[in-house]
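Letter by letter, the chains look like this.
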Amino acid sequence: MAETALTAPPRSPLSRVADRLAAVTHASGGAIRLAELPFLAQLNIRLDAKGAAAEAVGLALDLQLPLQPNTVVRAGESTALWLGPDEWLLVAPPGSERDLESRIRQAAGDEPVSVTDVSAQRTTLLVSGPRARDLLAHGCALDLHPRAFGAGRCAQTTLGRTQVVLVARDDPRAGFWVLVRSTFAGYLADWLLDAATEYV
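Residues numbered from 1 in each chain as written. Predicted model: local features only at pLDDT ≥ 70, side-chain atom pairs only at ≥ 80, totals over all residues. Heavy atoms only, no water.

The protein is annotated in an unreviewed UniProt entry as Putative Sarcosine oxidase gamma subunit of Streptomyces viridochromogenes Tue57.

Draft legend 1. Structural context of the sheet that holds strand β6 (residues 113–117). Within the open sheet, the five strands sit side by side as β3-β4-β5-β2-β6. Their pairing is antiparallel. If you trace the sheet from one side to the other, it starts and ends with β3 (72–75) and β6, each paired once. Taking the axes of each pair of neighbouring strands and ignoring which way they run, one obtains an average angle of 20° across the sheet. Two elements, strand β4 (residues 78–84) and strand β5 (residues 87–92), share five bridges in a ladder whose sense is antiparallel. The residue of β5 that forms the bridge with Trp82 is Trp88. In the packing of helix α3 (residues 97–108) onto the sheet, contacts are made with β2 (41–47), β5 and β6, and the angle to β6 comes to roughly 175°. (Pairing = 2+ DSSP bridges. Helix = DSSP H or I, 4+ residues; strand = E, 2+ residues; numbered from the N terminus. Axes fitted to C-alpha atoms, helices over the stretch in contact; angles between N-to-C directions. Contact = heavy atoms within 4.5 Å.)

Draft legend 2. Inspection of the domain arrangement of the protein at higher detail. Parsing the protein into structural domains produces domain 1 (17–38 + 121–196) and domain 2 (41–117). On a C-alpha basis, the centroid separation for the pair domain 1 and domain 2 is 24 Å. Each partner contributes residues to the interface: domain 1 has 14 residues there, and domain 2 has 13 residues. Buried surface at the junction of domain 1 and domain 2, both sides included, amounts to about 1,100 Å², of which 54% is carbon and sulfur. Notably, a salt bridge pairs Arg74 with Asp170, separated by 3.3 Å at the nearest N-O pair. Remark: the boundary between domain 1 and domain 2 carries five residue pairs in polar contact (both at pLDDT 80 or more). Across the side of domain 1 that touches domain 2, the residue classes tally to seven nonpolar, three polar and four charged. (Domains from an automatic or database assignment. Buried area = accessible area lost by both parts, 1.4 Å probe. Salt bridge = Lys/Arg side-chain N within 4 Å of Asp/Glu carboxyl O. Polar contact = N/O pair within 3.5 Å; in protein donor to acceptor, adjacent residues only side chain to side chain. Nonpolar A, V, L, I, M, F, W, Y, C, P; charged D, E, K, R; others polar.)

Draft legend 3. Focus on the sheet that holds strand β10 (residues 176–181). In spatial order, the strands read β1-β7-β10-β9-β8; together these five strands make up an open sheet with antiparallel pairing. In this open sheet, the two strands that pair with only one neighbour each are β1 (33–37) and β8 (154–159). Direction aside, neighbouring strands of the sheet carry axes that sit 30° apart on average. Bridge analysis of strand β9 (residues 162–168) against β10 gives five bridges, and the strand direction is antiparallel.

Draft legend 4. Here's a closer look at unusual backbone geometry. Despite not being glycine, Asp62 shows a phi value in the positive range, around 55°. Looking at the secondary structure, you find Asp62 in the loop between α2 (52–61) and β3. Exposure remark for Asp62: the relative accessible area of 61% places this residue in the exposed category. Positive phi values are uncommon outside glycine, yet Arg161 reaches one of about 65°. Of note, Arg161 is situated in the loop between β8 and β9. A residue is classified by how much of its surface remains accessible, and Arg161, at 80% relative accessible area, is exposed. (Buried < 20%, exposed > 50% of the residue type's maximum accessible area, 1.4 Å probe, protein only.)

Draft legend 5. Summary view of the environment of Leu14. Mapped onto the fold, Leu14 is located in the segment before α1 (18–27). Look past the residues within four positions of Leu14 in its chain and what remains in contact with it is Glu36, Thr123, Leu125, Ala185, Gly186 and Ala189.

Draft legend 6. Looking closely at the environment of Ala155. If you trace the backbone, Ala155 turns up in strand β8. The exposure class of Ala155 is buried, given its relative accessible area of 11%. With 142 residues separating them in the primary sequence, Ala155 and Pro13 have C-alpha atoms 22 Å apart. Discounting residues that sit within four places of it in the chain, Ala155 has contacts with Asn70, Leu142, Phe149, Val164, Val165 and Leu166.

This is the structure:
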């Protein structure tokens, strides 16, 4: 019987533009840093925020799910993003999705919970540097001033006419995560590279 298992290593959606992203970082003198953070574990969690499962899941993850709209909670290497009153996105290191999903399901017990591995659905772009907010503001309707969209905030929005989840990292120097569907990642990377020419 023929071997049908995939033997090629996984390829990130933006592997073809990694050199161009790095070139912008170099050419801008660090004013803008663009990079892909590929293969992050991403789990969509749906449960009753006021139910017993929410607290149990938080304890199992060592990370309480954020209850304030458009906020982020980070603990260790995991980050939970509020997407809706009963919906969160858990972002964690590559390869941790199965363990996290198992811990969530076990913690929830008989309580109603939905856990979906969406790791392959999106990739993550890092946009950082002193001019990162200016770059993002070219194509995002949100008020990105630190008073309105500071550290620990997230939002589902559009950037360059592409639907994304935008995350202001917990340290202003850490910049932003832009979570974008893999099928639109190339387009968005090209848009960012074009917009970044102002700073190089």
